[in-house]
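# Coordinate analysis (summary)
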Amino acid sequence: MVRCKWVSGVIFGKHLERRAVLRGFGATIALPFLDSMVPAFGAARSESAEPPRRLAFVYIPNGVIQEAWTPGIEGRKYDFPRILKPLEAHREDLLVFSGLTQNNGRALGDGPGDHARAAASFLTGIHPKKTSGADIRLGMSVDQVAARAVGDRTRFASIELGIEPGRLAGNCDSGYSCAYSNSISWRGEKTPNPPEIDPTAVFERMFGDVERPLSPGERKRRESRQRSVLDHVLGDANRLRGSVGPADRQKLDEYLESVRDVEKRLSSPGASLAVAPPSMERPDGIPAKYADHARLMFDLTTLAFQTDQTRIATFMMGREGSNLTYPEIGVTRAHHGMTHHRGDPDKIEDITKVNEHHVEQFAYFVSKLASIEEADGRLLDNSMVVYGSGIGDGNRHTHHDLPVLVAGKAGGTLSTGRHLRYAAETPMNNLFMSLLDRVGVRPETLGDATGKLDRLSFG
């Protein structure tokens, strides 16, 4: 096998390294998976040359209107109720689940606090200790189990993103610490991974100078000289174009255009909070509209997966108990408050609109992953993206029959295009054990898991 070396954007030999980057002053850009990264004279395609499998978890708060979420029939001919309708174009890339439960989101003798328990148990399957002090206790979440096993293969073991600012201390839900409501990712029983809500900070972390942090003065001078990281690496990019084939040139151009698009949106005049929360300074780079904010975060996740900067991601589309309003879709009531609708048809309609709006943003993400070609398929084909909530019915605070689906084919190991119904009280963590298996991670236990889900790979 002929190996080669990649130095500052130049190829030597016939094989471009998988971890190749473009470099320029103050910027480093990882490359997407290119055909040139496959050894030219290998007798057979090596396992290391195949695209990696990615695992993401997208969380929605406060449950859903279940009648507008749950398909009426099982199998391949399932229907798309109103909330799921934005995903209908991706039918063949989805598995929709019914019957899954997070039992440890229930009170189990601890009284009120369903929202804190919902977020805390969603990826852990563990009952949180009821405390508003520093003595929090939960356990490792599924994303961090995966990150611990495969995170050393990428620049970032995992990324944690969010929409709403939140505290990690104090009482946020009936005696439960805010750490539980505001984090779904946990490195250990006392260590939540708080999500980053500022897309500008995420962008700079991914594409800024990796050699050393910049002081505020240096950052200002750098931005005044040149705003675009792409301008810094243009020379490297042009040299690379001349060294790869037509297919790789097209992939490279599409990728760099995606980076440019994100940059433009981050620097647009509208990139600021509509109303700054009184408890924090006004952050820069956060779009005023919910959809713009969510889509920027999804774009950044796509870029991180595309360039193999990480293979594990979580995204909270709202903290649990969220009271966001959505005036852009005509919903001015606070989200959490109206979920206690008590049968009020106007409130039910508004909640349904919010649920649908969330799915529309997720459908955008699925479309982005599906649009990117790599190796023998699409980025989506090599991904598993879980979308769901730790609460089923927000009016009754249920934790059974949770709204959850998975987008992506996990390298062809998931037989998608189906609605699968499981027996009542089937642990959600059985699904997570099955997904971990598909990224080569096989823990002995995971929360309250009792095994793996059947029927995922055939049907």
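Not measured: the values here are computed from a predicted model.

A word on the overall build of the protein. Helix and strand counts for the protein stand at 12 helices and 17 strands. Every one of the 459 residues in the protein was classed for burial, and the buried ones make up 55%. Surface summary for the protein: the accessible area is close to 18,700 Å², and the carbon and sulfur share equals 50%.

Right, let's get into the side chain of Ser-383. Tracing the backbone through its elements, the reader meets Ser-383 in strand β15 (residues 383-388). In terms of polar contacts, Ser-383 uses its side chain to reach the backbone carbonyl oxygen of Leu-379, at 2.8 Å. Sequence-distant contacts of Ser-383, that is, excluding residues within four places in its chain, are made with Arg-54, Ala-407, Gly-408, Lys-409 and Ala-410.

Under the counting rule described, the total for this entry stands at 13 aromatic pairs. With centroids separated by 4.9 Å and ring planes inclined at 70 degrees, the aromatic side chains of Tyr-59 and Phe-122 adopt a geometry described as edge-to-face. Here Tyr-59 is found in strand β5 (residues 54-59), whereas its partner Phe-122 is found in helix α1 (residues 114-122), with 63 residues between them in sequence. Each member of the pair, Tyr-59 as well as Phe-122, is classed as buried. Note on Phe-298 and Phe-315: the rings are 4.9 Å apart at their centroids and 90 degrees apart in plane angle, and the pair reads as edge-to-face. Here Phe-298 is found in helix α9 (residues 290-306), whereas its partner Phe-315 is found in strand β12 (residues 312-316), with 17 residues between them in sequence. Pair check on accessibility: Phe-298 and Phe-315 agree, each one buried. A network of ring pairs unites the aromatic residues Trp-69, Phe-298, Phe-315, Phe-362, Phe-365 and Tyr-387 as a single cluster. Of note, Arg-91 hangs over the ring of Tyr-78, and the distance from its end group to the ring centre comes to 4.8 Å.

On to the pairing of strand β7 (residues 159-162), then. Of the two faces of β7, both are covered, the one formed by Ile-159 and Leu-161 as well as the one formed by Glu-160 and Gly-162. When β7 meets β12, the two strands line up parallel, connected through 4 bridges. Among the inter-strand pairings, Gly-162 is bridged to a residue of β12, identified as Met-316.

What follows concerns the environment of Asp-393. Among the secondary structure elements, Asp-393 is positioned in the loop between β15 and β16 (404-407). Expressed as a C-alpha distance, the spacing of Asp-393 and Glu-67, which sit 326 residues apart in the sequence, is 9.7 Å. Ignoring any residue separated from it by four or fewer positions in sequence, one finds Asp-393 in contact with Val-64, Gln-66 and Thr-398. Polar contacts involving the side chain of Asp-393 include one to the main-chain amide nitrogen of Asn-395, which spans 2.8 Å.

Turning to the nonpolar core, a few remarks are in order. Counting 62 residues, the largest nonpolar core has Leu-87, Phe-315, Met-317, Phe-362, Tyr-387 and Leu-405 as its most contacted members. Here this core takes 10 residues from helix α11 (residues 345-371), the largest share from any one element. Discounting residues that sit within four places of it in the chain, Met-317 has contacts with Val-58, Tyr-59, Ile-60, Pro-61, Ile-163, Tyr-290, Ala-294, Phe-298, His-358, Gln-361 and Tyr-387. By size, the runner-up hydrophobic cluster in this structure holds 39 residues, among which are Phe-57, Leu-100, Ile-312 and Leu-414.

Cut-off values and rules
- Residues numbered from 1 in each chain as written.
- Predicted model: local features only at pLDDT ≥ 70, side-chain atom pairs only at ≥ 80, totals over all residues.
- Heavy atoms only, no water.
- Helix = DSSP H or I, 4+ residues; strand = E, 2+ residues; numbered from the N terminus.
- Buried < 20%, exposed > 50% of the residue type's maximum accessible area, 1.4 Å probe, protein only.
- Areas by Shrake-Rupley, 256 points an atom, 1.4 Å probe, with all protein chains shown as cover.
- Polar contact = N/O pair within 3.5 Å; in protein donor to acceptor, adjacent residues only side chain to side chain.
- Contact = heavy atoms within 4.5 Å.
- Phe/Tyr/Trp six-rings, centres within 6.5 Å; stacked < 30°, edge-to-face > 60°.
- Lys NZ or Arg CZ within 6 Å of the ring centre and 35° of its normal.
- Pairing = 2+ DSSP bridges.
- Core = buried A, V, L, I, M, F, W, Y, C linked by side-chain atoms within 4.5 Å.

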